[in-house]
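# Observations on chain architecture
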Amino acid sequence: VQLQAFGGGLVQAGGSLRLSCAASGRTFSNYAVGWFRQAPGKEREFVAAISRRGGSTAYADSVKGRSTISRDNAKNTVYLQMNSLKPEDTAVYYCAAVRQTYDSGTYRSGYDYWGRGTLVTVSS
């Protein structure tokens, strides 16, 4: 499966962005999807994840309560709505996918497919 993240940009602290992860090549509903981010000089970290049909979601503590992950399998797209953005949210955001048998549970690692990232910059 091929993935492409987009929707990043420059936003002021307190603002919102919606990132999209568009997939192609395989039956998207067979894959769980995760969002990750990497800030300059830091390691890549988990942000959020969703199961193949959206029945399960998970969030990093750093974004919990401010972000919502969702998916539209008819459009082969996963979304990450981010609100109340902070300067520390500045990073390149990546989406990733892994095949999942049942719509149960999410993954914070072990993804097989990665897309190109999209840069989110939050100004103070």
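Now for a quick tour of the structure. The shown structure was predicted, so the numbers you read here are calculated from the model rather than taken from an experiment. (Residues numbered from 1 in each chain as written. Predicted model: local features only at pLDDT ≥ 70, side-chain atom pairs only at ≥ 80, totals over all residues. Heavy atoms only, no water.)

Let us look at the nonpolar core. Where a protein is soluble and globular, its nonpolar side chains tend to be buried together. Of all hydrophobic cores here, the largest spans 38 residues; its most connected members are Trp35, Ile69, Val78, Leu80 and Tyr93. Among the secondary structure elements, those contributing two or more residues to this core are β1 (2-6), β3 (17-24), β4 (31-38), β5 (45-50), β6 (57-59), β8 (77-82), β9 (91-99) and β11 (118-123). The element best represented in this core is β9, accounting for 6 residues. When neighbours within four sequence positions are excluded, Val78 is seen to be in contact with Leu19, Ser20, Cys21, Phe28, Val33, Trp35, Ile50, Ile69, Ser70 and Arg71. (Core = buried A, V, L, I, M, F, W, Y, C linked by side-chain atoms within 4.5 Å. Buried < 20%, exposed > 50% of the residue type's maximum accessible area, 1.4 Å probe, protein only. Helix = DSSP H or I, 4+ residues; strand = E, 2+ residues; numbered from the N terminus. Contact = heavy atoms within 4.5 Å.)

Residue placement: Phe36 occurs in strand β4. Taking relative accessible area as the criterion, Phe36 reaches 5% and is therefore assigned buried. Separated by 27 residues in sequence, Phe36 and Val63 have C-alpha atoms that sit 11 Å apart. In contact with Phe36, other than residues within four places in its own chain, are Arg44, Glu45, Phe46, Val47, Val92, Tyr93, Tyr94, Ala96, Arg108, Tyr111 and Trp114.

This brings us to the sheet that holds β1. In spatial order, the strands read β1-β3-β8-β7; together these 4 strands make up an open sheet with antiparallel pairing. Both edges of this open sheet fall to β1 and β7 (67-72), since each of them pairs with a single strand only. Shown here is a sheet whose adjacent strand axes are inclined to one another by a mean of 15 degrees, direction ignored. Note that β7 and β8 share 6 bridges and pair antiparallel. Counterpart to Ile69 in the pairing with β8 is Leu80. (Pairing = 2+ DSSP bridges. Axes fitted to C-alpha atoms, helices over the stretch in contact; angles between N-to-C directions.)

Now for the state of the cysteines. Tallied over the entire structure, the rule returns 1 disulfide. Through a disulfide, Cys21 is tied to Cys95; the S-S separation comes to 2.2 Å. For the disulfide bridge between Cys21 and Cys95, the dihedral angle about the S-S bond is near 75 degrees, and by the sign convention the bridge is right-handed. Of this pair, Cys21 sits in strand β3 while Cys95 sits in strand β9, and the two are 74 residues apart along the sequence. Overall, Cys21 belongs to the buried group, its relative accessible area being 0%. Given a relative accessible area of 0%, Cys95 falls into the buried group. (Disulfide = S-S within 2.5 Å.)

What follows is about the pairing of β8. When you tally the buried positions in β8, you get 5 out of 6 residues, the bulk of the element. Pairing analysis gives 6 bridges linking β3 to β8, with the strands arranged antiparallel. The residue bridging Leu17 from the neighbouring strand is Met82, located in β8. Linking β7 back to β8 in an antiparallel pair, the connection comprises 4 residues, with Asn76 at a positive phi of about 55 degrees.

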